[in-house]
Amino acid sequence: MNPMKIAVPLFVAALAYGPSQGLAVPLLGDALASFAVLGAEGVTNVPVSTIGGNLGSSANPSVGGGYVFTTGSLQQNTALAQQAQLDLDAAIIAVTSGAADFTIAAGNGNLDAYQAANGGSLAPGTYDVGAGTSNLLTSITLNGGGSNTAVWRFRFSSTFIMSEGSDVNVINVGDGSGVGIYWFADSAATLDGDTLVGNVFARQLISSNGGLTLGCGRLASAEAQVTLIMDTISLGCTTGMNATDVTGAGSEVADSGGFDQGKDTGSGGVGGSNGQVVNGVPEPGSLLLFGFGLAGLFASRKRLFAVA
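None of the values given here were measured: they were computed from a predicted structure.

Mind laying out the overall build of the chain, listing which residues take part and the relevant values?
In terms of helices and strands, the chain carries seven helices and 21 strands. The 308 residues of the chain split such that 52% are buried. When the accessible surface of the chain is split by element, carbon and sulfur atoms take 57% of a total near 11,700 Å².

Break down the pattern of salt bridges for me, citing the residues and quoting the values.
Under the counting rule described, the total for this entry stands at three salt bridges. R155 is paired through a salt bridge with D128; the nearest N and O atoms lie 2.7 Å apart. Here R155 is found in strand β11 (residues 151–156), whereas its partner D128 is found in strand β8 (residues 125–129), with 27 residues between them in sequence. Among the residues examined, R155 registers a relative accessible area of 9% and is labelled buried. In this structure, the salt-bridge partner of D186 is R203, at a minimum N-O distance of 2.6 Å. Of this pair, D186 sits in the loop between β14 (180–185) and β15 (189–191) while R203 sits in the loop between β16 (195–202) and β17 (206–207), and the two are 17 residues apart along the sequence. You can call R203 buried: its relative accessible area is 12%.

Tell me about helix α3 (residues 79–96), and name the residues and values.
Across its 18 residues, α3 extends 26 Å between first and last C-alpha, which sits within 8% of the 26 Å expected from 1.5 Å per residue. In terms of residue burial, α3 counts as a mostly covered element, since 14 of its 18 residues are buried. Looking one or two residues beyond α3, the residue adopting positive phi is G98, at roughly 90°.

Give me the packing of aromatic side chains: which residues, what numbers.
Note on aromatic pairs: each is described by the distance of the centres and the angle between the planes. Tallied over the entire structure, the rule returns nine aromatic pairs. Taking the centre distance of 4.6 Å and the plane angle of 25° together, the rings of F102 and Y127 count as stacked. Pair noted here: F102 is in strand β7 (residues 102–104) and Y127 is in strand β8, with a separation of 25 residues, a long-range link. Here Y127 falls in the buried class, since its relative accessible area comes to 2%. When the ring of Y127 is compared with that of F154, the centres are 4.9 Å apart and the planes differ by 15°; the resulting orientation is stacked. Of this pair, Y127 sits in strand β8 while F154 sits in strand β11; the two residues are 27 residues apart in sequence, bridging distant segments of the chain. Since its relative accessible area comes to 0%, F154 is described here as buried. One aromatic cluster is present, formed by F102, Y114, Y127, F154, F156, F160 and W183 through successive ring pairs.

Lay out the nonpolar core in plain terms, naming residues and giving numbers.
Ranked by size, the top nonpolar core spans 47 residues in total, and within it L142, W183, L191, L196 and L228 carry the most contacts. The element that contributes the greatest number of residues to this core is β16, accounting for four residues. Those residues in contact with W183 that sit more than four places away from it in its chain are I140, L142, F154, F156, F160, V168, L196, V197, G198, N199, V200 and F201. Listed in part, the 20 residues of the second largest apolar core include L28, L32, A33 and F184.

Quick one: what's the story with the environment of D260, residue by residue and with numbers?
One can find D260 in the loop between α5 (243–247) and β21 (277–278). According to the relative accessible area criterion, D260 is buried, its value standing at 0%. Each C-alpha atom, one on D260 and one on G176, is 9.8 Å from the other, the two residues being 84 residues apart in sequence. Setting aside residues up to four positions removed in sequence, D260 forms contacts with P26, L27, L28, V179, G180, Y182 and N199. Among the polar contacts listed, one links the side chain of D260 to the backbone nitrogen of L27, at a separation of 3.5 Å. Within the structure, the side chain of D260 is placed 2.4 Å from the side chain of Y182, a separation counted as a polar contact.

So what about the environment of L219? Which residues, and what values?
Secondary-structure assignment places L219 in strand β18 (residues 213–221). Take L219: its relative accessible area is 2%, and that puts it in the buried class. It is 4.9 Å that separates the C-alpha atoms of L219 and V200, two residues lying 19 residues apart in sequence. Excluding its chain neighbours within four sequence positions, the residues that come into contact with L219 are A36, V37, L38, L191, V200, I206, L214, V226, L228 and I233.

A description of the sheet that holds strand β2 (residues 43–46) should follow, citing residues and the corresponding values.
Whether parallel or antiparallel, the strands of a sheet pair through hydrogen bonds between backbone atoms. Spatially, the six strands line up as an open sheet ordered β2-β19-β17-β15-β12-β9, and their pairing is parallel. For this open sheet the edge positions go to β2 and β9 (135–136), each flanked by a neighbour on one side alone. Strand direction decides the pairing type here: β15 and β17, joined by two bridges, are parallel. Along β17, the bridge assignment pairs T190 with S207.

Break down unusual backbone geometry for me, with residues and values.
Residues P47 and V48 are joined by a peptide bond in cis, for which omega reads 0°. Of note, V48 is situated in the loop between β2 and β3 (49–52). A59 follows S58 through a cis peptide bond whose omega is 20°. Tracing the backbone through its elements, the reader meets A59 in the loop between β4 (54–57) and β5 (67–71). Positive phi outside glycine occurs at N77, with the angle close to 55°. Mapped onto the elements of the fold, N77 is located in the loop between β6 (74–76) and α3.

Here is what the cut-offs are and how they apply
- Residues numbered from 1 in each chain as written.
- Predicted model: local features only at pLDDT ≥ 70, side-chain atom pairs only at ≥ 80, totals over all residues.
- Heavy atoms only, no water.
- Helix = DSSP H or I, 4+ residues; strand = E, 2+ residues; numbered from the N terminus.
- Buried < 20%, exposed > 50% of the residue type's maximum accessible area, 1.4 Å probe, protein only.
- Areas by Shrake-Rupley, 256 points an atom, 1.4 Å probe, with all protein chains shown as cover.
- Salt bridge = Lys/Arg side-chain N within 4 Å of Asp/Glu carboxyl O.
- Expected span 1.5 Å × (residues − 1).
- Phe/Tyr/Trp six-rings, centres within 6.5 Å; stacked < 30°, edge-to-face > 60°.
- Core = buried A, V, L, I, M, F, W, Y, C linked by side-chain atoms within 4.5 Å.
- Contact = heavy atoms within 4.5 Å.
- Polar contact = N/O pair within 3.5 Å; in protein donor to acceptor, adjacent residues only side chain to side chain.
- Pairing = 2+ DSSP bridges.

So this is what it looks like as structure tokens:
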């Protein structure tokens, strides 16, 4: 029997009995932790986007060019990208498991209005966000209350939307070494804002209208494309933005794995093309031939579990 089919259910069962406001261990497997951008059906891009971490897609190897890599490399249906997609399945199960601490229903308006009605910032915890309240219009602040192990999980029942000019700020998390921030959209994520932090997971399309800066995290679509337009996406918490933009004046942020509770990105194999600009649409070449024999397996890869 495939050990993955045993390990993941046990992990999810453990989560169900764990603390409701956080998870004791990092959610990302080693492969997923190495990716700044991961798609299932390809990655498109209007050049030039700056990437800090691996960028790739599986099972569809199509990756549009025009990148500057500060760390990482292209991964077009490589074994690493294939494993990262399996890691993403498990991470989504973990994020969506367990009860919510807070529910933002239609009557609360939107994320901004909910924040304004609840003290002006959002405490750590698990937030279930209804379909009519998923739009971030201006700015929200995630306040860790002085804990460097604060965890936020936002679970959008449909689309996660950042409007133009909106941003997300994180304060009072110490060195940030154990912080976790997860944004899960059960359909698509439309990220038209300015600045975002944390891990964005979506079942469907993840898109930007251009100029998004995402630090301390990654973009990962389980079933569709990721589309970029001159964006800056980085695993590192100090790449693409100042530390003060993330945690408040005078704070230092540990450059761990992208606000995933201290996950070490190095174990997943980041590296290979620092500083290179990749133009055009790279041909998969030998990678495609190598992967052809595995195409049947990964084309038929199904969700291992149904997420409620």
